[in-house]
Amino acid sequence: MALPLSAIYQSFRLIIIAGFASVILTLYSYFYFQDEIFPNVVRTDVIYLVLFGIFITAFLVTFVHRIRKANTELQDIAFRDSLTGAANRLLLKEKFQLLKDLKTPSIALLFIDMNGFKRINDTYGHEVGDYVLENVAWRVNNLLRDSDLLCRLGGDEFVILLSNIDHQVPERIADRIKLALENPMEMNDQMIEVSANIGWTYTTNVSDADLEKMLKEADRAMYRSKCASRILDV
């Protein structure tokens, strides 16, 4: 019974311990209580019992491995953007709430909007547009820490959730992202140039922070950056 029960917890360690214990218990019972428990069992049968226990252990380990893999895939579907692999809004909300519950000292949101993405889709097609989004997500992710979270809100809009940082960090991250996007992307012998406008908001009052309000603040900051870029271009 220990083996099937150990599988409920989906723990490889518990299954192996239970399997090892069942083998030891079988051998111990045979050699020390043969007359009481195994009066009609020969040594060959005991070997089969031991092998059966090993087989059951291996089966349960494989079963739990597949269950864990399936759970991971389901979580990816629920919390990840299928195109870019970035987090979706649901995971963003969960991570934001977790940071609040942990009383993180500071939180920042960066709002990224790609320039001229519609033109890329119209000129080169949606396949190229998808490639651009994947490449943007890959480049941005390479600039972030493991604790940071890149989220795709939809279309060509991305959000980055940062925590435990100084007030100057969001601006530095924004500058790095813009620099990383300066290199053109090549696909089907086409050199595609991309750029982005980025706005951010920052707070140390994490306990009272509201995700939707911070998203709107970062969006407005991004729009001001876009307007300023247009003025400079003129």
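Relevant structure appears above.
Residues numbered from 1 in each chain as written. Predicted model: local features only at pLDDT ≥ 70, side-chain atom pairs only at ≥ 80, totals over all residues. Heavy atoms only, no water.

Describe the overall build of the protein chain, listing the residues and the values that go with them.
Along the backbone of the protein chain there are nine helices and six strands. Each of the 234 residues in the protein chain was classed as buried or not, and the buried ones make up 38%. On the protein chain, roughly 14700 Å² of surface is accessible, and the fraction owed to carbon and sulfur atoms is 56%. (Helix = DSSP H or I, 4+ residues; strand = E, 2+ residues; numbered from the N terminus. Buried < 20%, exposed > 50% of the residue type's maximum accessible area, 1.4 Å probe, protein only. Areas by Shrake-Rupley, 256 points an atom, 1.4 Å probe, with all protein chains shown as cover.)

Go over the environment of Lys95 with me, naming the residues and quoting the values.
If you trace the backbone, Lys95 turns up in helix α5 (residues 89-101). Sequence separation between Lys95 and Leu161 is 66 residues; the distance between their C-alpha atoms is 8.5 Å. The contact partners of Lys95, leaving out residues within four places of it in the chain, are Ser147, Leu149 and Leu161. Only 2.7 Å separates the side chain of Lys95 from the backbone oxygen of Ser147, close enough to count as a polar contact. (Contact = heavy atoms within 4.5 Å. Polar contact = N/O pair within 3.5 Å; in protein donor to acceptor, adjacent residues only side chain to side chain.)

I'd love a proper account of the pattern of salt bridges, names of residues and values included.
In this structure the tally under the stated criterion is five salt bridges. Asp81 is the partner of Arg152 in a salt bridge, and the nearest nitrogen-oxygen pair spans 3.2 Å. One end of the pair, Arg152, is in strand β2 (residues 149-154); the other, Asp81, is in the loop between α4 (43-79) and α5, and 71 residues separate them in sequence. Accessibility classification places Arg152 together with Asp81 in one group, the buried group. Measuring nitrogen to oxygen at the nearest pair gives 2.7 Å for the salt bridge that ties Asp148 to Arg145. Relative accessible area serves as the criterion here: at 37%, Arg145 is assigned to the partly exposed category. (Salt bridge = Lys/Arg side-chain N within 4 Å of Asp/Glu carboxyl O.)

Tell me what's going on with a positive patch on the surface, and back it up with residues and numbers.
On the surface, Lys213, Lys216, Arg220 and Arg224 cluster together into a positively charged patch. For Arg224, the location among the structural elements is in helix α9 (residues 211-233). (Patch = residues over 30% accessible without salt bridge, like charges linked within 9 Å, V, L, I, M, F, W, Y side chains within 5 Å. Lys, Arg positive; Asp, Glu negative; His and termini not counted. Charge placed at Lys NZ, Arg CZ, Asp CG, Glu CD.)

Any chance you could break down the nonpolar core for me, citing the residues and the numbers?
Within soluble globular proteins, side chains that are nonpolar generally end up buried alongside one another. Val132 and Ile160 are the most contacted members of the largest nonpolar core, which totals 30 residues. Listed by contribution, the elements that provide at least two residues to this core are β1 (107-114), α6 (117-124), α7 (126-141), β3 (157-163), α8 (169-180), β4 (185-187) and β6 (196-203). Looking at this core element by element, the count peaks at six residues for α7. The residues touching Ile160, leaving out its near neighbours within four places in the chain, are Ala108, Leu109, Leu110, Ile112, Val140, Leu144, Leu149, Leu150 and Ile177. (Core = buried A, V, L, I, M, F, W, Y, C linked by side-chain atoms within 4.5 Å.)

Mind laying out the pairing of β6, listing which residues take part and the relevant values?
Summarising burial for β6: six of the eight residues are buried, a large majority. Bridging between β1 and β6 involves eight bridges; their strand directions are antiparallel. Note that in β6 the partner of Asp113 across the bridge is Asn197. (Pairing = 2+ DSSP bridges.)

Can you explain the packing of α6 against α7? Please cite residues and give values.
Look at α6 against α7: their axes get within 7 Å of each other, and the N-to-C directions meet at 140°. In terms of their interaxial angle, α6 and α7 are classed as oblique. Counted together, Phe117, Ile120, Asn121 and Tyr124 of α6 and His126, Val128, Gly129, Val132 and Leu133 of α7 form the full contact between these two elements. Its residues assigned to classes, the contact of α6 with α7 shows six nonpolar, three polar and no charged. (Axes fitted to C-alpha atoms, helices over the stretch in contact; angles between N-to-C directions. Parallel < 35°, antiparallel > 145°, perpendicular 65-115°, else oblique. Nonpolar A, V, L, I, M, F, W, Y, C, P; charged D, E, K, R; others polar.)

Before we move on, could you go through α7 and cite the residues and values that matter?
Given a rise of 1.5 Å per residue, 16 residues ought to cover 22 Å, and the 22 Å separating the end C-alpha atoms of α7 matches this to within 8%. Turning to α7, its buried residues number three or more, namely Val128, Gly129, Val132, Leu133, Asn135, Val136, Ala137, Arg139 and Val140. (Expected span 1.5 Å × (residues − 1).)

An account of the side chain of Asp81 is requested, with residue identities and associated values reported.
For Asp81, a relative accessible area of 15% gives the class buried. Leaving out residues up to four positions away in the same chain, Asp81 has contacts with Ala86, Ala87, Asn88 and Arg152.

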